[in-house]
Amino acid sequence: MPIELSQLFKLGTGQRPSLQVGNLPENVAKYLNCHPAIVFLGENEFRHILDGHPEVSRAEYQMIFKLIKSGSYYRDASRPRSLTIYGYMEHNDKLYCLGLKSAAKGSEVWIQTMYRIDLKKARRKIKRCILIAGPGI
């Protein structure tokens, strides 16, 4: 289900501290030891993404749940509590990168970043990573 624009507005203006944006696939939740498998976007992280990546439109933020549901999850050994999702959204042919980090005890997963990335750059980044779930890029 798309994220309501009004909820993103409240998050961006500080009227709410966080927003539930999706659920991890079961095998990813097990990997992160995250139960329940809920992914959150925090107010500060959302503002950081808005400021640092103006190319991402508001409509694209509303579709984060699709990246979480159908993206390819990669693990970098140097970042044990973090995963990176690469995926496409149905409305365009652009590749997105979504950075996730689990809380210390693994009970919560938070989005740290979101941006568009070209395929060549993404393939370079995943060379040192292991595919955890999804079709791969």
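All values derive from a computational prediction rather than experimental measurement.

A. Local environment of the state of the cysteines. Here the structure, examined in full by the defined rule, presents zero disulfides. With no disulfide of its own, C97 has C129 as its nearest cysteine by sulfur position, at a separation of 9.6 Å. Given the relative accessible area of 3%, C97 is considered buried. By relative accessible area, C129 is classed as partly exposed at 21%.

B. Geometry of the layout of surface pockets. By volume, the largest pocket amounts to about 260 Å³. Lining the largest pocket we find 18 residues, and of these R79, T84, Y86, Y115 and K125 sit closest to its centre. Of all the secondary structure elements, the ones that give two or more residues to the lining of the largest pocket are strand 3 (72-76), strand 4 (82-88), strand 5 (95-102), strand 6 (109-117) and helix 6 (119-126). Considered class by class, the residues forming the lining of the largest pocket number eight nonpolar, five polar and five charged.

C. Focus on the sheet that holds strand 7 (residues 129-133). Across the sheet, seven strands lie side by side as 1-2-6-5-4-3-7; this open sheet has mixed pairing. This sheet does not close on itself; its edge strands, each paired only once, are strand 1 (18-23) and strand 7. Neighbour-to-neighbour, the strand axes of this sheet turn through a mean angle of 35°, independent of strand direction. Inspection of the sheet shows strand 3 paired to strand 7 by four bridges, in the antiparallel sense. Bridge assignment links R75 to a residue of strand 7, and that residue is I130. Contacting strand 1 and strand 2 (38-42), helix 1 (residues 5-12) runs over the sheet at an angle of about 135° to strand 1. With respect to the sheet, helix 6 is in contact with strand 3, strand 4, strand 5, strand 6 and strand 7, its orientation differing from that of strand 6 by roughly 135°.

D. Highlighting the pairing of strand 6. As defined by bridge partners, strand 2 adjoins strand 6 across two bridges and the pair is classed as parallel. Following the sheet pairing, V39 is matched in strand 6 by V109.

E. Layout of the nonpolar core. Counting 33 residues, the largest nonpolar core has L24, I64 and M114 as its most contacted members. M114 has contacts with I49, H53, V56, E60, Y61, I64, L67, M89, Y96, C97 and L98, leaving out every residue within four places of it along the chain. If you look at the next biggest cluster of nonpolar residues, it comprises eight residues, including Y74, L95, C97 and Y115.

F. Here's a closer look at the environment of I117. Here I117 shows up in strand 6. Residues I117 and Y96, 21 residues apart in the sequence, show an inter-C-alpha distance of 5.7 Å. Setting aside its immediate chain neighbours within four residues, I117 contacts Y86, L95, Y96, C97, A122 and K125.

G. Representation of a positive patch on the surface within the structure. Together, R79, R81, K101, K120, K121, R124, K125 and K127 make up a region of like positive charge exposed at the surface. Residue contributions to the positive patch peak at four residues, all from helix 6. Relative to the helices and strands, K127 resides in the loop between helix 6 and strand 7.

H. Structural context of the environment of L119. As for its placement among the helices and strands, L119 is situated in helix 6. Remark: the alpha-carbon pair of L119 and Y96, spanning 23 residues in sequence, is separated by 9.4 Å. Apart from residues lying up to four places away in sequence, L119 is in contact with Y88, L95 and I137.

Definitions and limits used
Residues numbered from 1 in each chain as written. Predicted model: local features only at pLDDT ≥ 70, side-chain atom pairs only at ≥ 80, totals over all residues. Heavy atoms only, no water. Disulfide = S-S within 2.5 Å. Buried < 20%, exposed > 50% of the residue type's maximum accessible area, 1.4 Å probe, protein only. 1 Å grid on protein atoms, 1.4 Å probe; cavity = no way out; pocket = protein on both sides within 12 Å on 5 of 7 lines; lining within 4 Å. Points joined across faces, edges and corners; volume = space filled by probe spheres on them. Helix = DSSP H or I, 4+ residues; strand = E, 2+ residues; numbered from the N terminus. Nonpolar A, V, L, I, M, F, W, Y, C, P; charged D, E, K, R; others polar. Pairing = 2+ DSSP bridges. Axes fitted to C-alpha atoms, helices over the stretch in contact; angles between N-to-C directions. Contact = heavy atoms within 4.5 Å. Core = buried A, V, L, I, M, F, W, Y, C linked by side-chain atoms within 4.5 Å. Patch = residues over 30% accessible without salt bridge, like charges linked within 9 Å, V, L, I, M, F, W, Y side chains within 5 Å. Areas by Shrake-Rupley, 256 points an atom, 1.4 Å probe, with all protein chains shown as cover. Salt bridge = Lys/Arg side-chain N within 4 Å of Asp/Glu carboxyl O. Lys, Arg positive; Asp, Glu negative; His and termini not counted. Charge placed at Lys NZ, Arg CZ, Asp CG, Glu CD.

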